[in-house]
Amino acid sequence: MRPLRYSLNVTLDGCYDHRAGIPDEETHRHATESLAAADALLFGRVTYQLMESAWREPGRTGVLADWMAPWTMPFARTVHAARKFVVSGTLAQVDWNAELLRGDLGLAVQKLKQQPGRGLFVGGVKLAQALTELGLIDEYEFIVHPRLAGHGPTLFAGLSKHVDLKLVSRLEFKSGAVALRYEPKR
């Protein structure tokens, strides 16, 4: 069974707004390696559309957008090339190497996990919370940025029950960000 890994950038105060983090070459390299270690990416509609609007063209054309630093290109290429599954009840179709997942979320993700391979990667917030409720995430990674955002929604607000985690690795970046990787205690 291939594992389902979750990763998200957060500030010290738990904000997950993608504009609140401190992007740099080292954390982008880490994210690129994490994505490349998966057979496919699993996104909800919001994350899929956000990623597509930011990373589709640069990954395909190799041309930097005006907001991109050159060191973001490996990430763009990796996201662009990855197989993607999108959970959405509102999108009629997807492209960008993506396929819609319909029906029962738990059954659909279990079926994906049962296929052979290195693993699946999930990002975003709402989908991750639903998968946590179903007990389907095998690994959580939080890249904690040394910033207090003072705004924004926090992770897992409204989770129906506690999920106890065991720290399995810690990676410190020069920026002061720390990648903390956990597995659920079972």
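For the structure, see preceding data.
Everything numeric in this text was worked out from a predicted model, so none of it was measured.

Draft legend 1. Main features of the packing of aromatic side chains. With the rule as written, the count across this model stands at 8 aromatic pairs. Ring centres 6.0 Å apart and planes at 55° place the aromatic pair Tyr48 and Trp96 in the tilted group. On the criterion of sequence distance, the pair formed by Tyr48 in helix H2 (residues 45-61) and Trp96 in the loop between strand E3 (83-87) and strand E4 (98-101) is long-range, its members being 48 residues apart. On the basis of relative accessibility, which here comes to 5%, the residue Trp96 falls in the buried class. Consider the rings of Tyr140 and Phe156, whose centres lie 6.2 Å apart with planes at 70°: the pair is edge-to-face. Taken together, the positions of Tyr140 in strand E6 (residues 139-145) and Phe156 in the loop between E6 and strand E7 (165-172) put the pair 16 residues apart, joining distant regions of the chain.

Draft legend 2. Geometry of the side chain of His145. By the element assignment, His145 lies in strand E6. By relative accessible area, His145 is classed as buried at 3%. Side-chain polar atoms of His145 contact the side chain of Asn9, separated by 2.8 Å. Residues in contact with His145, not counting those within four places in the same chain, are Asn9, Val10, Thr11, Leu12, Gly21, Ile22 and Ala177.

Conventions we followed
Residues numbered from 1 in each chain as written. Predicted model: local features only at pLDDT ≥ 70, side-chain atom pairs only at ≥ 80, totals over all residues. Heavy atoms only, no water. Phe/Tyr/Trp six-rings, centres within 6.5 Å; stacked < 30°, edge-to-face > 60°. Helix = DSSP H or I, 4+ residues; strand = E, 2+ residues; numbered from the N terminus. Buried < 20%, exposed > 50% of the residue type's maximum accessible area, 1.4 Å probe, protein only. Polar contact = N/O pair within 3.5 Å; in protein donor to acceptor, adjacent residues only side chain to side chain. Contact = heavy atoms within 4.5 Å.

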